[in-house]
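Here's the letter readout for the chains.
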Amino acid sequence: MTRLDLVIVGAGPAGLRAAVEAATGGLSVMLVDEGREPGGQIYRGSESGAFAGTAKLGSDYAAGAVLAAAFRASGVEALFGATVIQIEREADGSFSVSVATGHDKAVVVRARAVIAATGAQERPFPIDGWTLPGVMTAGAAQTMLKADGVVPDGPVVLAGTGPLLYLLAAQYGALGVAIDTLLDTAGPGNWRRALPHVAGFLTSRYAFKGLGLLGKALAATRIIRGVEAVSAIGDTRLSAVTYRKGATERTIPAHVLLLHHGVVPQINLTWSAGAQHRWNAARLAFEPVRDASGQTDVPGLFIAGDSGGIGGAQAAEAEGALAAFGVLRMLRGTAGDDDRIERQWRRRLAVSLRGRAFLDALYAPRQSHLCPPDEVIVCRCEEVTAGDIRKAVRRGAMGPNQVKAFTRAGMGPCQSRMCGLTTVAIIAEETGLSPGDIGHMRLRAPVKPVTVAQIASLSEADERRPTESPSATRPCK
Amino acid sequence: MFRRLVEPAGHVTVTIDGRPFSVAAGETLSTALLLAGFAGLRRSARLGRERGPFCGMGVCFDCLVTIDGAANRQACLVRVRDGMAVQTGTRLPALADTVPE
Amino acid sequence: MSPAPERSGNDCDVAVIGGGVVGLSLAYGLAKTGLAVTILDEGDIAHRASRGNFGLVWVQGKGLDNPDYARWSLASARAWPFFAAEIEAVTDTALSYEQRGGLMASLTEDDLDTRCNDLRRLHNRGRDCADFERLDAGGMKRLLPAIGPDVVGGTFCPHDGHVNALRLFNALHAAAASLGAIYRPNATVEAIDRLPDGFSITGAAGEIRAGKVVLAAGLGNARLGPMVGIHAPVRPQRGQILVTEKLAHFLDYPLGTIRQTDEGGVMIGDSKEEVGFDNGTRHDVLAGIAAKAIRIFPLLAQAQVVRSWGALRVMTPDGYPIYERSVTHPGAYLVTCHSGVTLAAVHASHVAGMIASGDWLPDLTPFAAGRFADVPSPG
Ligand SMILES: Cc1cc2nc3c(=O)[nH]c(=O)nc-3n(C[C@H](O)[C@H](O)[C@H](O)COP(=O)(O)OP(=O)(O)OC[C@H]3O[C@@H](n4cnc5c(N)ncnc54)[C@H](O)[C@@H]3O)c2cc1C
Ligand SMILES: Cc1cc2nc3c(=O)[nH]c(=O)nc-3n(C[C@H](O)[C@H](O)[C@H](O)COP(=O)(O)OP(=O)(O)OC[C@H]3O[C@@H](n4cnc5c(N)ncnc54)[C@H](O)[C@@H]3O)c2cc1C
Ligand code: FES
C-alpha cells in the first residue's frame, strides 16, 4: 500500500497550487482528479482544449496554462480520470483514501493529510420541464466550449441569475455566437440588498471586469430582467421556453435552454468524511467549517477553493497555497523557512474575496425559484416532485433524511447533488425553520457510483482490520 | 442543436446505436453525441422519460450511455476513442449484457 | 353524528414511543381497535433502523435454537399477505410484497451441510416450524439463472419473501394516520411518570398524558425501559449495505444477503459488527460484501453501486425479541426486536391486540424481559 504525506483531491486552481507548494516544501504528494488533465472548472481544457494557448476566452482563462505548467514541473504524481470515493480517518490519525481508478479497479491510498479541493457545482434551478433533453446548465455549455469548441446552434435561451450566466453570454458574444434571449430571474430587491456591499465591490477586480462583461453581453443579446417564472416545453426534447414577467406570459421557440443559478460548494466528499458543515445564509449554501489554513474539525483534513465556499479562481489558488502551508506546519512543525510567502498568499486571498458579498446579494436567486411549484421535478434521478416533498413534510417528515426515506429524493446516482438544496429549501418553507437548523441530508461514500468490482477491489490493498468480518451468508437471525 | 466553432485536428470513428459516425478525435463523448444529433441519450429509470446531458461536469448522471458494453457510463466524463461502441436509449440496463468476456 | 373534534394528541389512550417500523405497526394496530394513539418520535437525525434495513420478510434460519421464535416468525410470515393487502388498501400504496420463497447460497459443501442440518433439526421439532429444501448447484441455477459457478448449492424456504422497505415505512405512517393516530416528530421522550389513571410522558414535545404507554423506541428502549421498571439491555449491531443502480429484472427470488427490489436496484449486505453507535461505512467491510456478492452472481461485478450505508440493528443479548408488560407500572409495555419488518404483521395484529385488551397471551411469555435479569448490559 502506498503511504504518502498528502493526497490532494481536485486539479483546479486550488488543488494545483496546493500541489506546487507542498512539493516545494518537500512533501510526498499525490493529486487525484476525475477529469482528464489539470485545470478544474475555470481552466478546463487550458492544456489541450479547443482554445488552449489562445486569449479568445479571456485573460483569466489563459492564466490556467501557466498554473498547469507549474504543476507539471513540480513532479507531483497525478492520477487523472480517477475519482476519490471515500476518505476515512484511521485510529492512528492517518487517512485511507479510496480511489476508483479504472473500470473495475480501485485502490486505497494511505496519507497523513488530505486536501479536498473538489470545487463547486452549479446550484440546481428546478423549473417545469428542466429534465427535457436540450435543457442544460450554463456551466455545461461553457464546458463544451472550453473543452471541445462547440456552441449552441438554432434558437438558444439563457435563463437564471449569477455572474457565470453573463460570463458565458460575453464569451459567446466575443466569438460571434448569437444568443436569442437572456432571461434574468434575479429578484427585484437584490440591488437594495447588495448596496451595503458596494464599497467592497468597487475596490475589487470584479468591478472593472464585471462592467466590461455586462457591456459585451448586453450589446449582443436581448436581455429581459425581472423574469418571475420560466418553464421548458417539449415532448421528447425542448422546443420552446415560456416565461412570465408581471402579467405578461410569452413562449419563445428554443432548441437549447441554458439554466444557471450560481454555484455552490461540492460537499459530498467532505461531508461523508465527517467534517462539520454549516449553512451560509448569505450564499444560500452549506459550507465546511474551516480554520485560517483550511483545516476542518477532522484533524489533517483540509479544504481549499470553492469546495470550502465560493471565492472564485484567484481565492481558490490562494487557499490552495495556504492549505499546503497548513499541512507543512502540521507535519513538519514549520511552513517552510520563510513565512513571507504565506503572508503574501493571505493578502492575495483577502483581495480576491473583495466584492464577493456584493455579487452574492446581487445575483441571489428568488425564494420562489428555490422552492418550485408542486408539479416540478426536484429529484431528477428518482423523479420526485416538489409536491411529493411537501406532502412528506406535512405528514411529519421534519428534515431531509426523513423526507428521503418517505420520497426517495436523493437516493439516485447523483446522490442528492441535484435535489439536496431544493429539498432543504422546501422543508424550510413548509416548517418555517432555517436551512441551518434543518441540515442537509446525510452524504455518504462512495460519493460517486462505482462498480461492485471496484468496491470489491478495495480489500486487496488493505488488510488492516481483521476484527471486522465481512458479511456472512446468513441473514439476521 | 450544437455546432463546432473550431475545426478538429483529426477524426475518429465511433459506432452509435450500430451506425458509424466520424467525430473529432479526443472530443468529449457527450459533445460528440449532441453534434451527431442525439439529444436524448437514455430514458429515466422510473418514468421512462427522455434524458440528455445536463450538467456537463459529472454531477447530474443524466448523460448515461452504454460504452463498449459497460452500461450507465457518464458520457460527459469520457473522451471518444476510435472504434468506441456507444448505445443510447437504455432505461434499465440488463446486467448480462454488461459482463465483459 | 358530528365528526369527532380534532385531537391535539396531548391526551391519548395510548402513547407509542418510537416511530420506527415496530412503533408504527403497533400504532396502526392499536388505532384499528379504536384507541386514540399518539406516536412520539425523535427528529430527522436519529438511529432509526427502519430507514436502513434490507426489506426481507424472512423465516429461514430464524430461531435455530429457539423454536418459540421460529414459530413466531413463521406466524408473521403467514400473516404478511393479509397484512400487506390491508395496508395497501388503506393507503393506496404498492408495497411490492412478494412471497415466492427465498434462498441462501452456499460457497462450500461444509457450509451447506451445516445449514441443512440446522434447518432439519429445527424442522423436526414441530409442525409449526418452517419447511425448507436443499438444492444442489443445478437446482440453484434453475431458480437463479445468474448464479455463479462458485455456488455449490443452497437452501430454499417457501415462506420467505421481501417487501419494499421504505414504502412499507411510508405506508405504515399513512395507515396509522388514516385511523387518526397522531405522529409527533421532534418529540424525544425524557421521562415517563405514573399517574393515577395512566402516564405523564415528558420530553421535547412537552407533556403528553396517556392511559397506556408502549415503548417501541428501538435502541432508545435501553434507556426508557427502566423508567417503567423494564430491563431491556439492547445494543447496536451495525450492518452495512450496498445498493446498485436500477437494473433490468434478473432475480426472481431474494437471497438472505442479496435481493433485487421491485424498482430494479440490487441490495447487497449485510455485515454484523460490534462498533457501538458508529453507523458509518468501512471500505474494507464493503469490499468483503462486494467480493462475496460477485462470487454468488458474477454479473454483479459490473453493476454500479449508487449508495452504501451503515445502520444499527436493535440487538438483545440472546438475539430474540422482548415483549414485556410492566409489573411495577401497569399499562406500560415494551416491544423490541431486530426483525421488525418480518414481525410487522404479528405486531400490528396480535401484539397490538394484546396491548389494547391487556390480555397477555402465552405466545409472548418466552420473550419476557426477565430472562435478562442476570445479564449485565454490555457496554
Ligand atoms: C461549471 C462551472 C464553470 C465555471 N466557470 C468559471 C469561469 O469561467 N470563470 C470563473 O472565474 N469561475 C468559473 N467557475 C467557478 C469556479 O468554481 C472557480 O473559479 C474555480 O474553478 C474554483 O477552483 P477550485 O480549484 O476550487 O475547483 P475546480 O476548478 O472546480 O476544481 C475541482 C476539481 O476537482 C475534481 N473533483 C471533484 N470531486 C472529485 C472527486 N471526488 N474525485 C476526483 N476529482 C474530483 C473536479 O474534476 C475538478 O477538476 C465555474 C464553476 C463551475 C461549477
Ligand atoms: C442493516 C439492517 C438490515 C435489516 N434487515 C432486516 C430485514 O431484512 N428484515 C427485517 O425484518 N428486519 C431487518 N432489520 C431490522 C429492522 O430494520 C428492525 O427490526 C426495525 O427497524 C426495528 O424497528 P424499531 O422500530 O424497533 O427501531 P427503529 O427503526 O430504530 O426505530 C426506533 C425509533 O424510536 C425513536 N426513539 C428512540 N428513542 C426515543 C425517545 N427517547 N423518544 C422518542 N422516540 C425515540 C427513534 O428515533 C426511532 O424512530 C435490519 C436492520 C438493519 C440495521
Ligand atoms: S451531463 Fe451531468 S453527469 Fe454528465
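Provided above is the structure to which this section pertains.
Rules of the game
- Residue positions are counted from 1 within each chain, in the order its sequence is given.
- The order in which chains are written sets their letters, starting at A; the order in which ligands are written sets their numbers, starting at 1.
- Where local features are concerned, this predicted model is filtered to residues with pLDDT of at least 70; where side-chain atom pairs are given and counted, the filter is 80 or more; whole-chain, interface and lining totals use all residues.
- In computing side-chain values, all of the structure's heavy atoms are included and hydrogens and water are not.
- Helix and strand definitions follow DSSP, with helices as H or I runs of at least four residues and strands as E runs of at least two, each counted in order from the N terminus.
- In this description the radius of gyration comes from C-alpha coordinates, and the expected globular size is given by 2.2 Å times residues to the power 0.38.
- Only protein chains enter the accessibility calculation, which uses a 1.4 Å probe; a residue is then buried when its area is under 20% of its type maximum, exposed when over 50%, and partly exposed in between.
- A contact between two residues is defined here by any heavy atoms of the two lying within 4.5 Å.
- Only the protein chains shown count as covering a residue, and every accessible area follows the Shrake-Rupley method with a 1.4 Å probe.
- By the counting scheme adopted, Arg and Lys are positive, Glu and Asp are negative, and His together with the chain ends is not counted.
- Taken as the charge location is NZ of Lys, CZ of Arg, CG of Asp or CD of Glu.
- Near, as used in this document, describes a residue that has one of its heavy atoms within 4 Å of the molecule or strand being considered.
- Two N or O atoms count as a polar contact when they lie within 3.5 Å, although within protein this holds only if one can serve as hydrogen donor and the other as acceptor, and sequence-adjacent residues are included solely when both atoms are side-chain atoms.
- Three classes are used, and their members are as follows: Ala, Val, Leu, Ile, Met, Phe, Trp, Tyr, Cys and Pro are nonpolar, Asp, Glu, Lys and Arg are charged, and the others, Gly among them, are polar.
- We treat two strands as partners when DSSP finds at least two bridges between them.
- Axes here refer to lines fitted to C-alpha atoms; in helices the fit is confined to the stretch in contact. Angles between the N-to-C directions go from 0 to 180 degrees.
- Throughout this description, the term nonpolar core refers to a set of buried Ala, Val, Leu, Ile, Met, Phe, Trp, Tyr and Cys residues connected via side-chain atoms within 4.5 Å.
- Salt bridge criterion: a side-chain nitrogen from Lys or Arg within 4 Å of a carboxyl oxygen from Asp or Glu.
- Accessible surface is computed with a 1.4 Å probe, and the buried area is the amount of it that two parts give up when combined, taken over both parts together.
- Only protein atoms enter the 1 Å grid, on which a cavity is a set of points fitting a 1.4 Å probe that cannot get out and a pocket is an open set with protein on both sides within 12 Å along at least 5 of 7 lines, lining residues being those with an atom within 4 Å of a point.
- Grid points are joined across faces, edges and corners, and a volume is the space filled by probe spheres set on the points.

## Structural notes on the overall build of chain B
Piece 1. Helix and strand content of chain B: two helices and eight strands.
Piece 2. The N-to-C order of helical and strand elements in chain B reads β-β-β-α-β-β-β-β-β-α.
Piece 3. Relative to its length of 101 residues, chain B is compact, with a C-alpha radius of gyration of 13 Å against a globular reference of 13 Å.
Piece 4. Projecting the C-alpha coordinates of chain B onto the three principal axes gives extents of approximately 40 × 30 × 20 Å.
Piece 5. Burial analysis of chain B (101 residues in total) assigns 57% to the buried set.
Piece 6. Sequence-distant contacts in chain B: of pairs separated by 6 or more residues, those separated by 24 or more amount to 43%.
Piece 7. Carbon and sulfur atoms make up 47% of the accessible area of chain B, which totals about 4100 Å².
Piece 8. Looking at charge distribution, chain B has the averaged site of its 12 positive side-chain charges lying 9 Å from that of its 9 negative ones.

## Brief notes about the site of ligand 1
Residues and elements named next belong to chain A.
Piece 1. Around ligand 1 there are 32 residues in total, and Ala14, Asp33, Gln41, Gln142 and Asp306 lie nearest to it.
Piece 2. Glutamine 142 has a polar side-chain atom sitting 2.6 Å from an oxygen atom of ligand 1.
Piece 3. Contact between ligand 1 and alanine 313: an oxygen atom at 3.2 Å from a main-chain N or O atom of the residue.
Piece 4. For ligand 1, the protein covers 93% of the area, taking 960 Å² as the surface of the free molecule.
Piece 5. Counting residues per element, the ones that place at least two in the shell around ligand 1 are helix H1 (13-24), strand E2 (29-33), strand E4 (83-89), strand E7 (120-122), helix H3 (138-148), helix H4 (163-174) and helix H9 (312-332).
Piece 6. When grouped by side-chain class, the residues that make up the shell around ligand 1 number 16 nonpolar, 12 polar and four charged.

## Observations regarding the sheet that holds strand E15 (residues 248-253) of chain A
All names here are of chain A.
Piece 1. Taken in spatial order, the three strands make up an open sheet running E13-E14-E15, and their pairing is antiparallel. Both edges of this open sheet fall to strand E13 (229-234) and E15, since each of them pairs with a single strand only. Going from strand to strand, the sheet's axes swing by 20 degrees on average, the running direction of each strand aside.
Piece 2. Alignment of strand E14 (residues 238-245) against E15, held across six bridges, turns out to be antiparallel. Its bridge partner being in E15, tyrosine 243 is matched across the sheet by arginine 250.

## A look at the sheet that holds strand E5 (residues 133-136) of chain C
All names here are of chain C.
Piece 1. In space, the three strands of this open sheet follow the order E4-E6-E5, with antiparallel pairing throughout. The sheet terminates laterally at strand E4 (102-106) and E5, the two strands that pair on one side only. Strand-to-strand twist of the sheet, defined as the mean angle between neighbouring strand axes without regard to direction, takes the value 25 degrees.

## Details of the nonpolar core
Piece 1. Counting residues in hydrophobic clusters, the biggest one holds 111 residues, and the most contacted among them are Leu257 of chain A together with Trp80 of chain C.
Piece 2. Once you skip the residues sitting within four places of it in the chain, leucine 257 of chain A turns out to touch Ile127, Gly134, Val135, Met136, Val157, Ala159, Ala232, Leu238 and Val241 of chain A.
Piece 3. Core analysis: the next-biggest nonpolar cluster, separate from the first, contains 44 residues, Leu103, Ile147, Val151 and Phe297 of chain C among them.

## Quick word on the interface of chain A and chain C
Piece 1. Listed by partner, the interface residues are 48 residues for chain A and 69 residues for chain C.
Piece 2. Where chain A packs against chain C, one counts four salt bridges.
Piece 3. Between chain A and chain C we count 22 residue pairs in polar contact (both at pLDDT 80 or more) in total.
Piece 4. Elements represented by at least two residues in the side of chain A that touches chain C include exactly E4, strand E5 (95-102), helix H14 (400-407), strand E23 (450-451) and helix H17 (452-456) of chain A.
Piece 5. Classifying every residue of the side of chain A that touches chain C gives 20 nonpolar, 14 polar and 14 charged.
Piece 6. Pairing of E23 of chain A with strand E15 (residues 304-315) of chain C, which is carried by two bridges, proceeds in the antiparallel orientation. Pairing of threonine 451 of chain A across the sheet is with glutamine 304 of chain C, part of E15 of chain C.

## A short note on the interface of chain B and chain A
Piece 1. If you look at the interface, chain B gives 36 residues, while chain A gives 49 residues.
Piece 2. Summing both sides of the interface, chain B and chain A together bury roughly 3600 Å²; the carbon and sulfur share of this comes to 60%.
Piece 3. Along the contact surface separating chain B from chain A lie four salt bridges.
Piece 4. In this structure, the salt-bridge partner of aspartate 62 of chain B is arginine 380 of chain A, at a minimum N-O distance of 2.7 Å.
Piece 5. At the junction of chain B with chain A, the criterion picks out 15 residue pairs in polar contact (both at pLDDT 80 or more).
Piece 6. Only strand E1 (2-4), helix H1 (29-35), strand E5 (50-51) and strand E7 (70-74) of chain B provide two or more residues apiece to the side of chain B that touches chain A.
Piece 7. Among the residues making up the side of chain B that touches chain A, the classes are represented as 18 nonpolar, eight polar and 10 charged.

## So, the pairing of strand E19 (residues 285-288) of chain A
Piece 1. Burial of E19 of chain A is two-sided: the residues Ala285 and Glu287 of chain A facing one way and the residues Phe286 and Pro288 of chain A facing the other way are all buried.
Piece 2. Between strand E18 (residues 277-280) of chain A and E19 of chain A, which pair antiparallel in sequence order, lie four residues; one of them, leucine 284 of chain A, sits at a positive phi of approximately 55 degrees.

## A look at empty space enclosed by the protein
All names here are of chain A.
Piece 1. For the coordinates displayed, the defined rule picks out four cavities of 30 Å³ or more.
Piece 2. Approximately 140 Å³ is the volume attributed to the largest cavity.
Piece 3. In terms of lining, the largest cavity is formed by 13 residues, of which the most central are Val264, Pro265, Ile267, Leu421 and His440.
Piece 4. Every element with two or more residues in the lining of the largest cavity is listed here: strand E17 (263-265), E19 and helix H15 (420-431).

## Overview of H14 of chain A
Piece 1. Across the eight residues that make up H14 of chain A, a large majority, eight, are buried.
Piece 2. Residues of H14 of chain A that are buried include every one of Pro400, Asn401, Gln402, Val403, Lys404, Ala405, Phe406 and Thr407 of chain A, and no others.
Piece 3. Residues of H14 of chain A that are buried make contact with strand E22 (384-385), helix H13 (386-394), H15 and helix H16 (435-438) of chain A together with helix H5 (165-178) and strand E8 (182-184) of chain C.
Piece 4. The first or second residue beyond H14 of chain A is arginine 408 of chain A, which carries a positive phi of 75 degrees.

## Side note on the site of ligand 2
Piece 1. Neighbouring residues of ligand 2: 40 residues in total, closest Asp41, Glu42, Arg48, Ser50 and Gly340 of chain C.
Piece 2. More than one chain approaches ligand 2, the contributing ones being chains A and C.
Piece 3. Serine 50 of chain C is positioned such that a nitrogen or oxygen atom in its side chain is 2.4 Å from an oxygen atom of ligand 2.
Piece 4. Here an oxygen atom of ligand 2 sits 3.4 Å away from a polar atom, N or O, in the main chain of cysteine 337 of chain C.
Piece 5. Considered on its own, ligand 2 offers 990 Å² of accessible surface; in the complex 98% of this is hidden by protein.
Piece 6. Residues that form the shell around ligand 2 fall into these classes: 18 nonpolar, 17 polar and five charged.

## Some details on the environment of asparagine 186 of chain C
Piece 1. Structurally, asparagine 186 of chain C can be placed in the loop between E8 and strand E9 (189-195).
Piece 2. Separated by 70 residues in the primary sequence, asparagine 186 of chain C and glycine 256 of chain C have C-alpha atoms spaced 34 Å apart.
Piece 3. Setting aside its immediate chain neighbours within four residues, asparagine 186 of chain C contacts Met398 of chain A together with Asp41, Glu42, Gly43, Asp44, Ala204 and Ala205 of chain C.

## A word on the environment of aspartate 128 of chain C
Residues and elements named next belong to chain C.
Piece 1. Topologically, aspartate 128 is positioned in the loop between helix H3 (109-123) and E5.
Piece 2. For the pair aspartate 128 and glycine 19, spaced 109 residues apart in sequence, the C-alpha to C-alpha distance is 31 Å.
Piece 3. Aspartate 128 has contacts with Arg71, Leu74 and Arg78, leaving out every residue within four places of it along the chain.

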